[in-house]
Amino acid sequence: MADHLDLRLLRAFVTVAREGNVTRASELLHLTQPAVSLQVKRLSQELGLTLFHRTASGLELTRDGALLAAKGEQVLASVTEFRQTAMHLTAQLRGTLRIGTIIDPEFTRLGAFLQALVESGPGIETTLRQGMSGEVATGLKRNELDVGFFLGDLDDFGTSTDALAGETDAQFFVKPLSRLTYRVVAPPAFAGIVADKEWSELAGLPWIGTPPASVHHRLLARKLGGLNLRQNVVALVDQETSMLAMVRTGLGLSLCRESIALSEQQANGLVIANRVKLETTLGFVCLRPRRTDPNVALAFDVIDRIWRTDRRDTA
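These lines cover the structure that appears in this document, whether it is placed above or below. (Residues numbered from 1 in each chain as written. Predicted model: local features only at pLDDT ≥ 70, side-chain atom pairs only at ≥ 80, totals over all residues. Heavy atoms only, no water.)

### Quick notes on the overall build of the protein
In step 1: For the protein, the helix and strand inventory stands at 13 helices and 12 strands.
In step 2: Whereas a compact globule of 315 residues would reach a radius of gyration of roughly 20 Å, the protein reaches 27 Å, over 25% beyond that.
In step 3: On the principal axes, the C-alpha backbone points of the protein span a range of 90 × 45 × 35 Å.
In step 4: Across the protein, contacts joining residues at least 24 apart in sequence account for 72% of those joining residues at least 6 apart.
In step 5: Accessible area for the protein stands at about 16800 Å²; split by element, carbon and sulfur atoms hold 52% of it.
In step 6: Distance between charge centres in the protein, computed from 35 positive and 35 negative side chains, equals 2 Å. (Helix = DSSP H or I, 4+ residues; strand = E, 2+ residues; numbered from the N terminus. Rg over C-alpha atoms; globule rule 2.2 N^0.38 Å. Contact = heavy atoms within 4.5 Å. Areas by Shrake-Rupley, 256 points an atom, 1.4 Å probe, with all protein chains shown as cover. Lys, Arg positive; Asp, Glu negative; His and termini not counted. Charge placed at Lys NZ, Arg CZ, Asp CG, Glu CD.)

Pasting the structure below:
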């Protein structure tokens, strides 16, 4: 059976099933009778099912054919509704979409997202505000942002739900995009100090800290707090690049994405603590009551398409 369904074949089958006659179906489809017959035959072959029996009066649906014809009507109706909705959105969407962005744009697929957004809603103007995840959550609550990217658990800033859940009392709506891992990195001179160490031994070492709005702070606070440990912060920064620069100079430890940690290990000799790691999620978020706003809904449709394509390409 083919992986993808050809809607032309389905439309030919449903029309013949509805009309009970290839001649009338071909007139409605503006195709020749042989062409319609061939399309129905191809669908039957692809599905591995007999769809019609020939009778003295014409074509009669088999039991399988009747079941599929009903489903086919539903599919074609959904396709028509989808196209009408898309046309309506493209024609009607106007105004500004305020987007909260975080970390590097390559990781969030920001460029591809903005390009697809312009193509899908040419009447929408976008504005970007770069910051930390917590600032995105605050910006949404203050109506300074419409949508944004977020790392970590939104329950740190209010109740939330993801695209698969149905919690009607949630303050935020979040679409999970990707899981990622954070690792502890240390200066090269700390190699013997952090090797084979657990959180209980790492917490007391000097750390480069980050503000509460950052995912680094929230991940560590949750983990260390749960173990009744206190992080020994010796410096505070609000940029990941500054944080890594301080680690390179030998000031202390830091948390960073695994991909960056591995790159820093290769390029600058930073050490990765081998016994600990933290998992979190990158999501796309809005206030739950705003989820059905046309511009916001389009943004979620586009981000889903961008990340679904990316996951399929890298699978």
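### Description of the nonpolar core
The tendency in soluble globular proteins is for nonpolar side chains to be buried as a group.
In step 1: Counting residues in each nonpolar core, the largest one holds 58 residues, and the members touching the most others are Phe113, Val147, Phe149, Val194, Leu253, Leu282 and Phe284.
In step 2: Setting aside residues up to four positions removed in sequence, Leu282 forms contacts with Ile102, Phe107, Thr108, Phe149, Phe150, Leu151, Lys175, Pro176, Leu177, Ser178, Leu180 and Trp307.
In step 3: Core analysis: the second largest hydrophobic core is formed by 15 residues, Leu10, Ala25, Phe52 and Leu76 among them. (Core = buried A, V, L, I, M, F, W, Y, C linked by side-chain atoms within 4.5 Å. Buried < 20%, exposed > 50% of the residue type's maximum accessible area, 1.4 Å probe, protein only.)

### Considerations on the packing of aromatic side chains
In step 1: One pass over the full model with this rule turns up seven aromatic pairs.
In step 2: Ring geometry for Phe149 and Phe284: centres 5.2 Å apart, planes at 65 degrees, overall edge-to-face. Highlighted residues: Phe149 in strand 5 (residues 147–151) and Phe284 in strand 12 (residues 278–287), separated in sequence by 135 residues. Like Phe149, the residue Phe284 is buried in the burial classification.
In step 3: Arranged with centres 5.0 Å apart and planes meeting at 65 degrees, the rings of Phe284 and Phe300 form a pair that is edge-to-face. Residue Phe284 is located in strand 12, and its partner Phe300 is located in helix 13 (residues 294–314); the two are separated by 16 residues in the primary sequence.
In step 4: A residue is classified by how much of its surface remains accessible, and Phe284, at 0% relative accessible area, is buried.
In step 5: Among the aromatic residues, ring-to-ring pairing joins Phe113, Phe149, Phe173, Phe284 and Phe300 into one connected group. (Phe/Tyr/Trp six-rings, centres within 6.5 Å; stacked < 30°, edge-to-face > 60°.)

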